[in-house]
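Architecture and fold: a report
Letter by letter, the chains look like this.
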Amino acid sequence: MTDLDRLLADIRACSHCAPQLPLGPRPVLIADARARLLIVGQAPGTRVHATGIPWNDPSGDRLRQWLDVDRDTFYDASRIAIVPMGFCYPGRGKSGDLPPRPECAPRWRAPLHALLPRIELTLLIGQYAQAWYLGRTMRPTLTETVADWARYGPDFLPLPHPSPRNQLWLRRNPWFEAEVVPELRRRVGPLLTR
């Protein structure tokens, strides 16, 4: 058993936030030391919680479309690590799911990153991932951060959430699919084939 295997077992057994989780703890993530692409979203939704498979919902379908990858490639842990900001479903708020639990990232991110040495590109999906990784360099809004994507390379590429709820954002920002999605595919493709 490797250090990463032991850490993943610890994460999957975590119940630190159990009293605050309406559906109970079920940490969902995929990681392998050989992965070269890291996908960081917010936290699992109810469908992902039920299946234990990250991005196993319409948001994941759109994300795979943006990446131009099939499900087999997407879920190949030796190519892609999927490590959200919060590993468990946080519950529902007034306008969608609650933010990732604040205890999760400080507890697990640094040890995980230390065991993912081959990561060359990290996709920062949504404001929580962008705030954690970009800190003060993040622009005032998600739209401005994504529009300024070139500023964060070569290590990071900020993206909006691919949720069906973001249809209006995508319509208002056609530059995203015209400029950022082609760049995303250009950068991701070689990482998955080498």
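Refer to the structure above for everything that follows.
Heads up: these notes are all about the structure in this document.

Here is what the cut-offs are and how they apply
- Residues numbered from 1 in each chain as written.
- Predicted model: local features only at pLDDT ≥ 70, side-chain atom pairs only at ≥ 80, totals over all residues.
- Heavy atoms only, no water.
- Buried < 20%, exposed > 50% of the residue type's maximum accessible area, 1.4 Å probe, protein only.
- Helix = DSSP H or I, 4+ residues; strand = E, 2+ residues; numbered from the N terminus.
- Pairing = 2+ DSSP bridges.
- Phe/Tyr/Trp six-rings, centres within 6.5 Å; stacked < 30°, edge-to-face > 60°.
- Lys NZ or Arg CZ within 6 Å of the ring centre and 35° of its normal.

Moving on: the pairing of strand 1 (residues 37-40). Side chains Leu37 and Ile39 of strand 1 all project onto a buried face; the interleaved residues Leu38 and Val40 project onto the opposite face, where all are buried too. In this structure, strand 1 lies alongside strand 2 (residues 80-82), joined through 3 bridges in parallel fashion. By the bridge assignment for strand 2, isoleucine 39 is matched with isoleucine 82. Note that strand 1 and strand 5 (residues 121-125) share 4 bridges and pair parallel. Across the sheet, residue valine 40 finds its bridge partner in strand 5, namely leucine 124.

Turning our attention to the packing of aromatic side chains. Using the criterion set out here, one finds 6 aromatic pairs in the structure. Between tyrosine 133 and phenylalanine 156, the aromatic rings sit 5.7 Å apart at their centres with planes inclined by 55°, giving tilted as the arrangement. With tyrosine 133 in helix 6 (residues 127-134) and phenylalanine 156 in strand 6 (residues 156-159), this pair connects stretches of sequence that are 23 residues apart. In this structure tyrosine 133 comes out as buried when scored by relative accessible area, which is 16%. One aromatic cluster in this structure is built from Trp66, Trp169, Trp175 and Phe176. We note arginine 64 situated over the ring of phenylalanine 74; from NZ or CZ to the ring centre the distance is 5.0 Å.

Taken by themselves, the reported measurements are silent on function.
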